[in-house]
Amino acid sequence: MEIKPFEKKIWLSSPTMHGNELKWVQDAFEKNWITTAGDNVNAIESEISAMLSQKYAVGLSCGTAALHLALKAAGEKIYGMPKPGTHVLSGHRVATSDMTFAATCEPIFYEGGEAVFIDSERDTWNMSPESLENAFALYPDIRIVVLAHLYGTPAKINEIKAICDKHGAILIEDAAESLGATYRNADGEWVQTGSSSYSCISFNGNKIITGSSGGMFLTDSKEIADKVRKWSTQSREAAPWYEHEELGFNYRISNIIAGIVRGQLENGLSEHIEAKRRIYERYKAGFKGLPVTMNPYDEENSVPNFWLSCMLIDENAMCRQLRSGREALYIHEKGKTCPTEILETLAKYNAEGRPIWKPMHMQPFYSSFPFITAQGNGRARSNAYIADNGCVDVGADIFNRGLCLPSDNKMTEEEQDIIIQIIRSCFE
Ligand SMILES: *Cc1c(COP(=O)(O)O)cnc(C)c1O
């Protein structure tokens, strides 16, 4: 059968609107709360905190702002309040997920800290507990760990929490991609990602619930919530005039944007997760017989939100692929393919895939910071992904062989079947 390009582009993950979003935007207009406060902001703060079993939620301009203030709060808890002109993390190391969106680690640098990039593990593609242990052995001064739940799959958070506790470190959860994903905690109870004391979520345009932008910080501590809220409103003290005892930020969420989120939450999240799950399952079934696997998760102890479906090509089915800083080349071989070939082929048919997040330790900007693998220092290696010293760079390997598939909620089953056919054809 000849496949024709899609007339309407198949997106990686586009917003899915239900109609009620406009109702709450309208509500903001009617009440004339066209500002960074109002009923919509209050409503989403209480709805999301209830959903994540958190006592406090602070709506913010984006997930990156939430991560920034989470890091500042954790930093002050450990290192104290910085003097004007200095940063709370100056000279301090912070361990962070390595294969993730840059926003996970950027705030470390906003606050003058130094990142220690922790390699990923095969089981969930998230931070490897073994690698984190190694990082504490090499850098015992680490007191903060930033953990992302990639593509909506919960990380091995119980193990990571235990390691953090052992070393007196604070864990910050970057749940920007994983809203609604759950896992079984150390007590055997099912809990949401983003339910620990320093948690961040995002309402960016392609996330599972969106306000076009926006984010939220969540915590069980009134003291921390009050601080984050104050910092986010230019650090105004409770005085009759603008009184400032600390550095401030303009990080609050708009009541208009909160209105969109409020409408999304009315029935959106469970419906979106269900659609995403079906997409994942359909790919999994559709790829039967191909030398590929889907992005994995712990089926007994976690339920992802399946935000993005991803695939990994078996090592022996990879054709030659070369990636420089800006370009990619490949040589097609019969029975083999590579992410570049699949992404280019999908684009030819008007469908959007995406490479896996390029690990931070491979980014030119972060090349001088440590990278720790399950075998130890991952910087002491040659270009081969299994280095002379035995270090296996799992993140580089997944980046090389993996890709994100079109995972749009509004893609029909027929369209997805065609996507599967297109991908199959890359192996011919
Ligand atoms: C989207 C995202 C963020 C940041 O969210 P914004 O709202 O875009 O600032 C942080 N971390 C991860 C892993 C993300 O995917």
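Residues numbered from 1 in each chain as written. Predicted model: local features only at pLDDT ≥ 70, side-chain atom pairs only at ≥ 80, totals over all residues. Heavy atoms only, no water.

Moving on: the domain arrangement of the chain. Here the chain is described as being made up of domain 1 (20–267) and domain 2 (269–425). For domain 1 versus domain 2, the distance between C-alpha centres works out to 26 Å. Opposite the 49 residues of domain 1 that make contact, domain 2 presents 48 residues. Taken over both partners, the interface formed by domain 1 and domain 2 buries close to 4000 Å², and the fraction arising from carbon and sulfur atoms is 62%. Of all residues in domain 1, the largest losses of buried area upon contact with domain 2 belong to Arg 122, Trp 125 and Tyr 151, amounting jointly to 22% of the total for that side. Inspection of the region where domain 1 meets domain 2 yields one salt bridge. Of the charged contacts, one joins Arg 122 and Asp 397 as a salt bridge, the two residues approaching to 2.7 Å between their closest N and O atoms. (Domains from an automatic or database assignment. Contact = heavy atoms within 4.5 Å. Buried area = accessible area lost by both parts, 1.4 Å probe. Salt bridge = Lys/Arg side-chain N within 4 Å of Asp/Glu carboxyl O.)

Moving on to the sheet that holds strand S9 (residues 215–219). Spatially, nine strands are ordered S1-S9-S8-S5-S4-S2-S3-S16-S17 in an open sheet, and the strand pairing comes out mixed. Two strands in the sheet have a free side with no partner beyond their single neighbour: strand S1 (56–60) and strand S17 (376–377). Across the sheet, helix H5 (residues 129–138) touches strand S2 (93–97), strand S3 (114–118), strand S4 (144–148), strand S16 (371–373) and S17, and the angle it forms with S16 is around 125 degrees. The sheet contacts of helix H7 (residues 222–232) involve S1 and S9, and relative to S1 the element is tilted by about 15 degrees. (Pairing = 2+ DSSP bridges. Helix = DSSP H or I, 4+ residues; strand = E, 2+ residues; numbered from the N terminus. Axes fitted to C-alpha atoms, helices over the stretch in contact; angles between N-to-C directions.)

Time to look at the nonpolar core. Of all hydrophobic cores here, the largest spans 36 residues; its most connected members are Trp 125, Tyr 151, Ile 201, Phe 203 and Ile 356. A total of four residues in this core trace back to one element, the largest contributor, which is helix H8 (residues 255–265). Residues from two domains meet in this core; each of domain 1 (20–267) and domain 2 (269–425) gives at least three. The contacts of Tyr 151, once residues within four sequence positions are left out, are Trp 125, Glu 177, Asn 295, Asn 305, Phe 306, Trp 307, Leu 308, Cys 310, Pro 355, Ile 356, Trp 357 and Cys 404. One finds Leu 71, Trp 231, Tyr 366 and Phe 371 within the second-largest nonpolar core, a separate group that totals 34 residues. (Core = buried A, V, L, I, M, F, W, Y, C linked by side-chain atoms within 4.5 Å. Buried < 20%, exposed > 50% of the residue type's maximum accessible area, 1.4 Å probe, protein only.)

In this structure the tally under the stated criterion is twelve aromatic pairs. Between Phe 109 and Phe 369 the ring centres are 5.0 Å apart and the planes differ by 70 degrees, which places this aromatic pair in the edge-to-face class. One end of the pair, Phe 109, is in helix H4 (residues 106–110); the other, Phe 369, is in the loop between strand S15 (354–355) and S16, and 260 residues separate them in sequence. The exposure class assigned to Phe 109 is partly exposed, which follows from its relative accessible area of 22%. The rings of Phe 109, Phe 117, Phe 365, Tyr 366 and Phe 369 are connected pair by pair, giving a single aromatic cluster. Between the NZ or CZ atom of Lys 72 and the centre of the ring of Trp 231, over which it lies, the distance is 4.7 Å. It is Arg 323 that lies over the ring of Phe 399; its NZ or CZ is 4.3 Å from the centre. (Phe/Tyr/Trp six-rings, centres within 6.5 Å; stacked < 30°, edge-to-face > 60°. Lys NZ or Arg CZ within 6 Å of the ring centre and 35° of its normal.)

The subject of this paragraph is the site of the ligand. If you check the shell around the ligand, you find 15 residues, and the closest are Thr 64, Asp 174, Glu 177, Ser 202 and Lys 207. Here an oxygen atom of the ligand and a side-chain polar atom of Thr 64 are 2.5 Å apart. Taking Lys 207, its side chain carries an N or O atom lying 3.3 Å from an oxygen atom of the ligand. Across the complex, the protein chains shield 94% of the 380 Å² of accessible surface that the ligand would expose by itself. Among the elements that make up the shell around the ligand, the one with the highest residue count is helix H3 (residues 63–79) (three residues). The residue makeup of the shell around the ligand, split by class, is five nonpolar, seven polar and three charged. (Near = heavy atom within 4 Å. Polar contact = N/O pair within 3.5 Å; in protein donor to acceptor, adjacent residues only side chain to side chain. Areas by Shrake-Rupley, 256 points an atom, 1.4 Å probe, with all protein chains shown as cover. Nonpolar A, V, L, I, M, F, W, Y, C, P; charged D, E, K, R; others polar.)

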